[in-house]
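Each chain, written out:
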Amino acid sequence: MLGDKKVLFSGMQATGNLTLGNYLGALKNWVTLSDEYECFYSVVDMHSITVRQDPAELRNRARRLLMLYIAAGLDPEKNCIYFQSHVSGHAELAWILNCYTYMGELSRMTQFKDKSAKHADNINAGLFTYPVLMAADILLYQADVVPVGIDQMQHLELTRDIAQRFNSIYGDVFTVPEPYIGKVGAKIMSLQDPSKKMSKSDENPNASIYLMDDPDTIMRKFKRAVTDSEGAVRYDEERQPGICNLIDIYCACTGHTADETVAEFEGKGYGDFKTAVGESVVSVLRPLHSKMEDLAKNKDYIDRVIKDNAEKAQYAAGKTLRKVQKKVGFPEKIR
Ligand code: TYM
């Protein structure tokens, strides 16, 4: 609790081009939850360097991601929107938590296995301890709730285990966080292979809708989306995974239910359905694009948000960090 509100923490990596999966699985829910909670939304640039980055590009992407949080509807006066690298407590707590996390736990993480297969020439220690930094992000702010897509659940479970382990040794130091998984959109799949999640790192650009894609590109990608030969819009995950994914996207964008969608497109072909899905996505992303353009013109405003919120985050993080340092036995600073 901070004041009379529960605390929410979440973050996104400034790596690659953000996809519709990031928006529907995470960002959209962040906006919905932002009134109810005291929110910390971080651009997790420290996580990004577990994979080699071009420095100028990372800097640029990180800033654009922070702007995107605002463009999506998060008010930076009410929500603490900041860069992870601006708050030293993330790294400091991560070090401490590393000493309370087991090698066996980290080697079971599927994201580590996937990423080390993908970047076999750079399996660095940061990639291995990535989930500990993520645990530090969350526990530093005593978060009660963490809205994420399904792919982050394993990391969140590890965070809970680390928090419980630490608490069982030192008393109630950390709030044990609960995941928040949205009802629709928690796992948006590739448009080209509905057995894989939509991912920023997919080599096939037709597999993902990027948040900054223009309307024509979005419509074209949906037209090319892989479906099946059943010929009817039905929610059948076994036989029609591509159509199910399109139904999920449509529901997440329009607020309709799967049953309503199936009824709406009864007797209609896939062409009509794909056009409607494309249009629903375009209408969700259009305001995001125009807001991004406005924000890009307002450098001073963004700079002020970055500065003020980093201070706010540092203050909240410092409270937990001092408590933890004391618990583990670090000598107190002389002021
Ligand atoms: P990242 O940057 O890969 O993704 C950001 C958020 O988007 C969700 N997401 C999806 N949701 C639905 N369908 C998809 N296809 C899809 N792809 C991505 C992710 O689940 C995530 O919620 N490790 C995290 C970042 C992180 C973090 C944290 C998150 C660092 N510290 C603390 C929460 C709390 C990551 O790489 O997410």
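Residues numbered from 1 in each chain as written. Predicted model: local features only at pLDDT ≥ 70, side-chain atom pairs only at ≥ 80, totals over all residues. Heavy atoms only, no water.

Peer 1: Sorry if this is basic, but what is going on with the domain arrangement of the protein here?
Peer 2: Domain boundaries assigned for the protein yield domain 1 (6-181 + 299-328) and domain 2 (215-294). Centre-to-centre, using C-alpha coordinates, domain 1 lies 31 Å away from domain 2. Both sides of the domain 1 and domain 2 interface together cover about 870 Å² of buried area, and 81% of this is carbon and sulfur. One can count zero salt bridges joining domain 1 with domain 2. Between the two partners, domain 1 and domain 2, sit one residue pair in polar contact (both at pLDDT 80 or more). Sorting the residues of the side of domain 1 that touches domain 2 by element identifies α1 (20-33) and α3 (55-71) as the ones contributing at least two each. (Domains from an automatic or database assignment. Buried area = accessible area lost by both parts, 1.4 Å probe. Salt bridge = Lys/Arg side-chain N within 4 Å of Asp/Glu carboxyl O. Polar contact = N/O pair within 3.5 Å; in protein donor to acceptor, adjacent residues only side chain to side chain. Helix = DSSP H or I, 4+ residues; strand = E, 2+ residues; numbered from the N terminus.)

Peer 1: Just checking my understanding: could you explain the side chain of Thr15 for this structure?
Peer 2: Mapped onto the elements of the fold, Thr15 is located in the loop between β1 (7-12) and α1. Among the polar contacts listed, one links the side chain of Thr15 to the side chain of Ser48, at a separation of 3.1 Å. Not counting residues within four places of it along the chain, the set of residues in contact with Thr15 comprises Ser48, Gln53, Arg61 and Lys200. (Contact = heavy atoms within 4.5 Å.)

Peer 1: Mind showing me how you'd approach the pairing of strand β2 (residues 38-43) here?
Peer 2: As a general feature of sheets, a regular strand has side chains that alternate between the two faces. With respect to burial, β2 is a largely interior element, five of its six residues being buried. Two strands pair when backbone bridges link them, and β1 and β2 are joined in this way by six bridges, in the parallel orientation. Each residue of the ladder has a partner; that of Ser10, found in β2, is Tyr41. Where the polypeptide runs from β1 across α1 and back to β2, its parallel neighbour, the crossover connection is right-handed. For β2 and strand β3 (residues 80-83), the ladder comprises four bridges, and the chain directions are parallel. Residue pairing in the sheet places Ser42 in a bridge with Tyr82 of β3. (Buried < 20%, exposed > 50% of the residue type's maximum accessible area, 1.4 Å probe, protein only. Pairing = 2+ DSSP bridges. Right-handed = clockwise from strand over helix to strand, strands pointing away.)

Peer 1: Sorry, what's going on with the packing of α3 against helix α12 (residues 270-296) here?
Peer 2: When two helices pack together, their arrangement is captured by the angle between the axes and the distance separating the axes. Contact geometry for α3 and α12: axes closest at 9 Å, N-to-C directions at 125°. It follows from the interaxial angle that α3 and α12 lie oblique. Relative to α12, α3 is oriented so that their crossing is right-handed. Here α3 contributes Arg64, Met67, Leu68, Ile70 and Ala71 to the contact with α12, which in turn contributes Leu288, Lys291, Met292, Leu295 and Ala296. Across the contact of α3 with α12, the residue classes break down as eight nonpolar, no polar and two charged. (Axes fitted to C-alpha atoms, helices over the stretch in contact; angles between N-to-C directions. Parallel < 35°, antiparallel > 145°, perpendicular 65-115°, else oblique. Left-handed = near helix turned anticlockwise from the far one by under 90°. Nonpolar A, V, L, I, M, F, W, Y, C, P; charged D, E, K, R; others polar.)

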